[in-house]
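Here are the chains, one letter per residue:
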Amino acid sequence: MSKRVFISGYGIISALGFDAGQNRNALKNLKPGIGKPNFLKTRQEVVVGEVDASNEQLTDMAALNGASNISRTALLGLIATKEAIQMAGLNKDTLIGTGLLNGTSVGGMDISERAFGKVLNGQSVDYKASFAGHDCGHSTQFIVENLGVKGYNGTISTACSSSANTLMHGANLIKSSQLDCVIAGGTDALSMFTLNGFNSLKILDSEWCRPFDQNRMGLNLGEGAAFLVLESEEHLKARNGKALAELIGYGNANDAYHQTASSPDGKGAFNAIKTAMEVAAVKPEQISYINAHGTGTANNDQSESLALQTIFGKNMPPYSSTKAFTGHTLGAAGGIEAVFSVMAIEQQVLLPSLNVKQPMDIIAAPNKEYKSAKVETVLSNSFGFGGNCSSLIFAQV
Amino acid sequence: MRAYIKSTSAICAQQTFDKSEYLAEYIAPEGQYLKATEPPYRGIIDPKQIRRMSRIIKMSVATAHQALAEAEVQVPEAIIVGTGLGCIEDTIKFLKDIIEGEEGILSPTAFIQSTHNTIAGQIALLLQCPNYNFTYANRGHSFENSVIDARIQLSEGKDNILVGAAEEMNLQAFEIMYNMGCTGDRNKNDGSALGEGASFFVLTNEQKEGRPYLQDISVSNHITAEQLEKSLNSFLAKNKVDASDVDLLLMGSNEFEKDGFYEKIASLFADNTPQLDFKKICGEHFTASGFAMHLGTMILQDQVSLNNSYLAPQLKRPVRKILIYNHYKAMNHTFMLLSI
Amino acid sequence: MENLKEKLKVEIIELLNLEEMTPADIANDEILFGEGLGLDSIDALELIVLLEKNYKLKIENPEEGKKIFRSINTIAEFIESKQ
């Protein structure tokens, strides 16, 4: 499997903005998207990384005239995939043979959780309209139908590493010659379900999250979607497309330690990074920048730091967590951070961490500025519940 | 690319887990959906570990355990699970707690267990398996996504891959799906009743005399009956198989959805080609095709023991090639070719 | 105090679904986590919920919970000290 996998376009929507330009500007201006929720209805006193648009506004943005009852997850996914297709310049004919891989953790929960409340209270509901979009696969089907993508499609649900895994699987489908072009990424909307879930685990920071700070108190949840267009070299050449970066390495490993927590020594994270570096055939000193998983929980940042220390030792490359900007977007996080990694390569910059007052004592402080640097190779980490650890490596072309 | 099937194990509405009683007696369904016939889990799963497991996890862990034991594999090189709805029981439980308690104090266990990849994660945890661990949740192609990935992993040189399909149903989920129009007459077992269960496999590159293999798999979405015919013809041609080579059709047909697709496929084979409607055994669900692959494997692997099965009269021996055709709501279509 | 301890045992067995156990199987000074009864961090979160729901006692920091949840004795002492 020696085929190369190029990235020819991407689309992103998050608390930082509705498209790639807005997201990049927010990173550049150190402006996080974390605040009180305006659209998510909850009794919890929290700050979140919410996409700044109502469902109606998102429906308009996705050019779906007057459609209703569509999950935010599906809407965000459609908006991001449309941008990715436009940036890559894929035309209608190309889309027929293009595949789509979507990563999501809760699918259409934002709609079904409200309807389920009505069911419990004995109110009448339109069952089909309320629950047909509940399962994870629905958002994928909704996106491919609206885009006219006719090739193979798949949905991965491995919690917080879901969309990193779609990129890995997309690369595998291209390398094994099953597809020439695949749109891969993920989408997840905020929901009462996940918010209360993370709250019950007592890992939410009620203030802005502080990844890699000694006094970090937990994560902020976020929502969004990001998709990247992956193409084989032949396909890209044949249609005169332009490569923005290359996906050169990927690895998935299981921590096999605990259902939700990471092992204290970061065994799974270490294995995922190591595998990705082997696939990419790069040495630790060749990594220019790391977009860490860095959720801001005591457990993740400890475990990830130790894994990074084991791999990089004294030559720790600059690293940061962009989750202080976007919040933890769960199933979409791997896709969003893959887009940020490609942006870092395109712009030749290091992306910043936020809110770090006192760095952790077990690892060098994260990068805190949006600053120019030679960025040839970027490592992006995504770790999830169930011990699911994934790492991706992107390179300049 | 052939994926050899070292072993398989399943739990479904009928007796399939205890292989000495494999489909021996037809179990008449009770209740509104085809509830799985579960084995006693004591002796299979450590009581300390079982205490937090919902049924979908117990069914998956037990069948994964049996498949691994039969294959004499301790730690698989990849674990890949397909589930359409995932851990719906814990999802509903946690959601109910949130709504009834008005977002008050919540016990976290149901939330932890509600995640789709809890199944593959729990298996990895129990086996202390640090390897590749994926979960697909793609409606009627959740299991198909998993098998296609498993074939890629095999082609990359990984061996002994644990692949599974899992789904659970409960009364509340059933009521919702019933009201959505997902199921036909509750009282007729015509293949349209909702079902549940788990089917697991150990796949290998290693060829062995008498070992069944998945010769090929093909998926498509939203196609017409005419396109389906073309798609079958090219699938068979690609595998150098003639319609007359197929000894058995395993079909997802049911009386509720008379949509022309199953009829179309049946019409392309000689009238005397035996056909089994596998959903009469496992019920309709997102990963019913996983059970079809299990049943097909059992028929190929163990033709003799199936003599005791109530299915025996419907089988013509020997069976060397099985074509599985299933579709989910006319959206997700699947062909699988099993051979020995 | 002894009544409270018995009550706690029954509640814990039910809450954590410790099948095959009876209150008599848990000694008052038995270590609940790790090597003793074998409870883990998810159980710790469940115990926090138990204290909050049944005893109206809040534990904000899971670290604090570690000391309180050492054994049935320590939990009972904590509850008594707050009432």
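Rules and cut-offs
Residues numbered from 1 in each chain as written. Chains lettered and ligands numbered in written order. Predicted model: local features only at pLDDT ≥ 70, side-chain atom pairs only at ≥ 80, totals over all residues. Heavy atoms only, no water. Helix = DSSP H or I, 4+ residues; strand = E, 2+ residues; numbered from the N terminus. Rg over C-alpha atoms; globule rule 2.2 N^0.38 Å. Buried < 20%, exposed > 50% of the residue type's maximum accessible area, 1.4 Å probe, protein only. Contact = heavy atoms within 4.5 Å. Areas by Shrake-Rupley, 256 points an atom, 1.4 Å probe, with all protein chains shown as cover. Core = buried A, V, L, I, M, F, W, Y, C linked by side-chain atoms within 4.5 Å. Domains from an automatic or database assignment. Buried area = accessible area lost by both parts, 1.4 Å probe. Salt bridge = Lys/Arg side-chain N within 4 Å of Asp/Glu carboxyl O. Axes fitted to C-alpha atoms, helices over the stretch in contact; angles between N-to-C directions. Parallel < 35°, antiparallel > 145°, perpendicular 65-115°, else oblique. Nonpolar A, V, L, I, M, F, W, Y, C, P; charged D, E, K, R; others polar. Pairing = 2+ DSSP bridges. Left-handed = near helix turned anticlockwise from the far one by under 90°. Polar contact = N/O pair within 3.5 Å; in protein donor to acceptor, adjacent residues only side chain to side chain. Expected span 1.5 Å × (residues − 1). Arc of directions from axis to C-beta. Disulfide = S-S within 2.5 Å.

Caption draft 1: Highlighting the overall build of chain A. Within chain A, the secondary structure is distributed over 14 helices and 14 strands. Compactness check: chain A gives a C-alpha radius of gyration of 19 Å against a globular reference of 21 Å for 397 residues, within 12% of the reference. Across its three principal axes, chain A shows a C-alpha extent of roughly 60 × 50 × 40 Å. Expressed as a percentage of its 397 residues, the buried residues of chain A come to 68%. When contacts within chain A are restricted to residue pairs at least 6 apart in sequence, long-range pairs at least 24 apart make up 77% of them. Accessible area of chain A: about 12,900 Å², with a carbon and sulfur share of 47%.

Caption draft 2: Looking closely at the nonpolar core. Counting residues in hydrophobic clusters, the biggest one holds 95 residues, and the most contacted among them are A:Leu247, B:Met293 and B:Leu295. When residues of this core are assigned to domains, at least three fall in each of domain 1 (3-204) and domain 2 (213-339) of chain B. Ignoring sequence-local partners within four residues, the contact set of A:Leu247 consists of A:Val5, A:Ile7, A:Leu167, A:Ala171, A:Leu230, A:Leu392, A:Ile393 and A:Phe394. A:Met192, A:Phe385, B:Ile98 and C:Leu8 belong to the second-largest nonpolar core, a separate cluster that totals 72 residues.

Caption draft 3: Structural detail: the interface of chain B and chain C. Facing 11 residues of chain B, the contacting portion of chain C comprises 16 residues. With both chains or domains summed, chain B and chain C bury close to 1,200 Å², and 49% of this area falls on carbon and sulfur atoms. Taken as a group, B:Arg51, B:Arg52 and B:Ile105 account for 51% of the area that chain B buries against chain C, more than any other trio of residues on that side. For the pair chain B and chain C, the number of links is 4 salt bridges. Between C:Asp43 and B:Arg51 there is a salt bridge whose closest N-O contact spans 2.6 Å.

Caption draft 4: Seen up close, the packing of helix 9 (residues 192-200) of chain A against helix 3 (residues 88-100) of chain B. Where helix 9 of chain A meets helix 3 of chain B, the axes come as close as 10 Å, and the angle between the chain directions of the two elements is 85°. As judged from the angle between their axes, helix 9 of chain A and helix 3 of chain B are roughly perpendicular. Note on element contacts: helix 3 of chain B touches helix 9 of chain A through B:Thr91, B:Phe94, B:Leu95, B:Ile98 and B:Ile99, opposite A:Met192, A:Phe193, A:Asn196, A:Gly197 and A:Ser200. Residue composition of the contact of helix 9 of chain A with helix 3 of chain B, by class: 6 nonpolar, 4 polar and no charged.

Caption draft 5: Up close: unusual backbone geometry. The phi dihedral of B:Asn160 is positive, around 55°, even though this residue is not glycine. You can see B:Asn160 is positioned in the loop between helix 6 (142-155) and strand 4 (161-167). A positive phi angle, near 55°, is found at C:Asn17, a position not held by glycine. You can see C:Asn17 is positioned in the loop between helix 1 (2-15) and helix 2 (41-55). Assessed through its relative accessible area of 33%, C:Asn17 is described here as partly exposed.

Caption draft 6: Focus on the pairing of strand 9 (residues 321-328) of chain B. Residue and element names in this part refer to chain B. With 8 of 8 residues buried, strand 9 is to be regarded as a mostly interior element. Note: strand 7 (residues 248-251) against strand 9, 4 bridges, orientation parallel. The residue bridging leucine 249 from the neighbouring strand is leucine 323, located in strand 9. In the sheet, strand 9 pairs with strand 10 (residues 332-339) via 8 bridges, with the strands oriented antiparallel. Within strand 10, the position partnered with isoleucine 324 by the bridge is methionine 336.

Caption draft 7: The packing of helix 5 (residues 109-120) of chain A against helix 3 of chain B, seen in detail. Direction vectors running N to C along helix 5 of chain A and helix 3 of chain B enclose 65°, while the axes themselves pass 10 Å from each other. The pairing of helix 5 of chain A with helix 3 of chain B is recorded here as roughly perpendicular in orientation. Note that helix 5 of chain A runs across helix 3 of chain B; the crossing there is right-handed. Every residue of helix 3 of chain B that contacts helix 5 of chain A at A:Met109, A:Glu113, A:Phe116, A:Gly117 and A:Leu120 is listed here: B:Thr91, B:Ile92, B:Leu95, B:Lys96, B:Ile99 and B:Glu100. Looking at the contact of helix 5 of chain A with helix 3 of chain B residue by residue, the classes come out as 6 nonpolar, 2 polar and 3 charged.

Caption draft 8: Representation of the interface of chain A and chain B. On the side of chain B, 56 residues touch chain A, which itself brings 59 residues to the contact. Carbon and sulfur atoms supply 61% of the area that chain A and chain B bury against each other, a total of about 4,800 Å² over both sides. Per-residue buried area on chain A facing chain B is highest for A:Phe116, A:Phe193 and A:Gln259; these three make up 14% of the total on that side. Linking chain A with chain B are 2 salt bridges, by the criterion used here. Here A:Asp135 ties to B:Arg139 by a salt bridge, and the two come within 2.7 Å at their closest N and O atoms. Counting every contact that joins chain A to chain B gives 23 residue pairs in polar contact (both at pLDDT 80 or more). Elements that contribute at least two residues to the side of chain A that touches chain B include exactly helix 5, helix 6 (127-131), helix 7 (136-147), strand 5 (153-156), helix 8 (162-175), helix 9, strand 8 (245-254) and helix 11 (267-280) of chain A. If you tally residues by element for the side of chain A that touches chain B, the top one is helix 9 of chain A, at 7 residues. Grouping the constituent residues of the side of chain A that touches chain B by class yields 21 nonpolar, 31 polar and 7 charged.

Caption draft 9: Looking closely at the pattern of salt bridges. Under the counting rule described, the total for this entry stands at 27 salt bridges over all chains. A:Lys323 serves as the salt-bridge partner of A:Glu337, at 2.9 Å between the closest nitrogen and oxygen. Of this pair, A:Glu337 sits in helix 14 (residues 333-347) while A:Lys323 sits in helix 13 (residues 323-326), and the two are 14 residues apart along the sequence. Judged by its relative accessible area of 1%, A:Lys323 is buried. Among the charged side chains, a network of salt bridges with common partners joins B:Glu38, B:Arg55, B:Glu89 and B:Glu196.

Caption draft 10: Structural context of the domain arrangement of chain B. Residue and element names in this part refer to chain B. We note that the domain assignment places domain 1 (3-204) and domain 2 (213-339) within chain B. For domain 1 versus domain 2, the separation of C-alpha centres amounts to 22 Å. Between domain 1 and domain 2, the residue contacts involve 50 residues of the former and 43 residues of the latter. Interface area, domain 1 with domain 2, both sides summed: about 3,700 Å², of which 65% is carbon and sulfur.

Caption draft 11: Up close: helix 8 of chain A. Residue and element names in this part refer to chain A. Its 14 residues place the ends of helix 8 20 Å apart at the C-alpha level, agreeing with the 20 Å of an ideal helix rising 1.5 Å per residue. Burial analysis of helix 8 places 14 of its 14 residues in the buried class, which makes it a mostly covered element. Residue serine 177 follows helix 8 closely and has a positive phi angle near 65°.

Caption draft 12: Here's a closer look at the side chain of A:Thr104. Residue and element names in this part refer to chain A. Looking at the secondary structure, you find threonine 104 in the loop between strand 4 (99-103) and helix 5. Overall, the relative accessible area of 0% leaves threonine 104 in the buried class. Only 2.9 Å separates the side chain of threonine 104 from the side chain of aspartate 188, close enough to count as a polar contact. Excluding anything up to four places from it in sequence, threonine 104 contacts Thr73, Cys136, Ser139, Thr155, Ile156, Ser157, Ser162, Thr187, Asp188 and Gly331.

Caption draft 13: Representation of helix 8 (residues 225-238) of chain B within the structure. Residue and element names in this part refer to chain B. The terminal C-alpha atoms of helix 8, which comprises 14 residues, lie 20 Å apart, in line with the 20 Å expected from a rise of 1.5 Å per residue. Within helix 8, the full set of buried residues consists of Ala225, Leu228, Ser231, Leu232, Phe235 and Leu236. Seen along its axis, helix 8 keeps its buried residues to an arc of 130°; they face one direction. Of the residues in helix 8, the exposed ones pointing more than 90 degrees away from the buried face are Glu226, Lys230, Ala237 and Lys238. Those residues of helix 8 that are buried are in contact with strand 6 (213-221), helix 9 (261-267), strand 9 and strand 10.

Caption draft 14: Structural context of the state of the cysteines. Residue and element names in this part refer to chain B. All chains considered together, the criterion is met by 0 disulfides over all chains. Left unpaired, cysteine 12 is separated from the closest cysteine sulfur, that of cysteine 282, by 6.4 Å. According to the relative accessible area criterion, cysteine 12 is buried, its value standing at 1%. Note on cysteine 182: no disulfide assigned, nearest cysteine sulfur contributed by cysteine 282 at a separation of 16 Å.

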